[in-house]
Amino acid sequence: MHILPIAYWALGVRTAQMLAEANTVIAFRFLGLSGGWPVSPMESTRMVTEKGPAFIRSYGDAAVAAMKGKRLDQIAEAALKPIGRKTRSNAKRLSRRRR
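Here we summarise the structure given alongside this text. Note that the structure is predicted; figures quoted are calculated from it, not measured.

### Overview of the pattern of salt bridges
So, step 1. Within the structure shown, the criterion is met by 7 salt bridges.
So, step 2. Here Arg 88 makes a salt bridge to Glu 21, at a shortest N to O gap of 3.5 Å. Taken together, the positions of Arg 88 in helix H4 (residues 72-95) and Glu 21 in helix H1 (residues 5-33) put the pair 67 residues apart, joining distant regions of the chain.
So, step 3. By relative accessible area, Glu 21 is classed as buried at 12%.
So, step 4. Between Arg 71 and Asp 73 there is a salt bridge whose closest N-O contact spans 3.0 Å.
So, step 5. Classification of Arg 71 by relative accessible area gives partly exposed; the value is 25%.
So, step 6. Three or more residues joined by partner-sharing salt bridges are found here, namely Arg 29, Glu 43, Glu 50 and Arg 93.

Reading the values: the criteria
- Residues numbered from 1 in each chain as written.
- Predicted model: local features only at pLDDT ≥ 70, side-chain atom pairs only at ≥ 80, totals over all residues.
- Heavy atoms only, no water.
- Salt bridge = Lys/Arg side-chain N within 4 Å of Asp/Glu carboxyl O.
- Helix = DSSP H or I, 4+ residues; strand = E, 2+ residues; numbered from the N terminus.
- Buried < 20%, exposed > 50% of the residue type's maximum accessible area, 1.4 Å probe, protein only.

Here it is as structure tokens:
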């Protein structure tokens, strides 16, 4: 099975984007919990309860990709997508300034 180097590069870029968004979410939540940024009162609960479903979906998508005989980069991409969607939506939601 031949894997193009660009596939790994692209996966690395998407992983870096997800990590940057995750750090943004952490920063906004830290600011919100310390009173420096307006966040929903349910944010502390949300940050705990959203992880389980995202990781279960990530594991399931990667397992399905592996069972279909996908390449390693495609399996990793399948695992990254659900987590990336969650971090992206959280970063967008938390970065909106509320009054």
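Next comes the rest of the description.
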